[in-house]
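Structure at a glance
Okay, here's what each chain looks like letter by letter:
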Amino acid sequence: MDDQRTISKRQIQLQHHVDTLSLCRKCPKMQSSPVSGGPVLSRVILVGQAPGVKEPLLRRPFAWTAGKAMFKWFAEEVGVAEAEFRQTVYMAAVCRCFPGKNSQGGDRVPSREEVALCAEWLRAEMAILKPGLVIAVGKLAIGQFLTAVPVLTELVGQIVHLNKFGQDFDLVPLPHPSGASPWHRIEPGKTLTKKALALVRNHPAWIARVTS
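For the structure given in this document, a descriptive report is provided here. (Residues numbered from 1 in each chain as written. Predicted model: local features only at pLDDT ≥ 70, side-chain atom pairs only at ≥ 80, totals over all residues. Heavy atoms only, no water.)

1. A few points about the overall build of the protein chain
Along its length, the protein chain carries 8 helices and 5 strands. Beginning at the N terminus, the succession of helices and strands in the protein chain can be written as α-β-α-α-α-β-α-β-α-β-β-α-α. For a compact globule of 212 residues, the expected C-alpha radius of gyration is about 17 Å, and the protein chain comes in at 16 Å, within 12% of that figure. Dimensions along the principal axes, computed over C-alpha positions, put the protein chain at roughly 50 × 40 × 30 Å. Each of the 212 residues in the protein chain was classed as buried or not, and the buried ones make up 49%. Long-range contacts, defined here as pairs at least 24 residues apart, represent 71% of the contacts in the protein chain between residues at least 6 apart. Of the accessible surface of the protein chain, which amounts to about 10600 Å², a share of 55% is contributed by carbon and sulfur atoms. In the protein chain, the 27 positive side-chain charges and the 17 negative ones have mean positions that sit 3 Å from each other. (Helix = DSSP H or I, 4+ residues; strand = E, 2+ residues; numbered from the N terminus. Rg over C-alpha atoms; globule rule 2.2 N^0.38 Å. Buried < 20%, exposed > 50% of the residue type's maximum accessible area, 1.4 Å probe, protein only. Contact = heavy atoms within 4.5 Å. Areas by Shrake-Rupley, 256 points an atom, 1.4 Å probe, with all protein chains shown as cover. Lys, Arg positive; Asp, Glu negative; His and termini not counted. Charge placed at Lys NZ, Arg CZ, Asp CG, Glu CD.)

2. Quick look at the packing of aromatic side chains
By convention here, two paired aromatic rings are described through the distance between centres and the angle between planes. A full pass over the atoms with the stated rule returns 6 aromatic pairs. Between the aromatic rings of F145 and F165, the centroid separation amounts to 6.0 Å while the plane-to-plane angle is 85 degrees, which identifies the pairing as edge-to-face. Taken together, the positions of F145 in the loop between helix 6 (139–142) and strand 4 (160–164) and F165 in the loop between strand 4 and strand 5 (167–174) put the pair 20 residues apart, joining distant regions of the chain. The exposure class of F145 is buried, given its relative accessible area of 4%. (Phe/Tyr/Trp six-rings, centres within 6.5 Å; stacked < 30°, edge-to-face > 60°.)

If you want it as structure tokens, here you go:
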């Protein structure tokens, strides 16, 4: 357990970090200001890919279709409803702004430069929070932690022990809950997703995720 002075210091650091993040305009092609889940002091970080068109309007990550699917996973398999999740898990992303649409339809994939610029925010969050568990949602998010990303059938349902961004932690990868992908709705993806969520549910950092 952290002592109260340490917790207060980290809470101030995190609030300053979130306030500074909200002002970021480093990437001119991005189509919104940064989306943040707020300064939640937690032992668990969830890393998504990038907000969609609705998230900047609603001012919170995973606020639309993919979010509804993801929070249903956590409600059914982990026993945590959306409101509690948002209050007890720090929510980050590979890129914090809506990247816009691409010419073929769907959201534009952020460039390597945009991903690299936004990675500095994640690095700072890892240093402040020192999480015991990171949940990476989707291949783009998983790729921020693994140099080579294997096919999802070889990865989802596993815990990966890592030292990254100067921190030691466990990574639990999840598929992206997008309606465009059937992977998590058919076998073996359906069973592997449930296995991954069970790993989250039983992880010590998840059980004690709120710093006290």
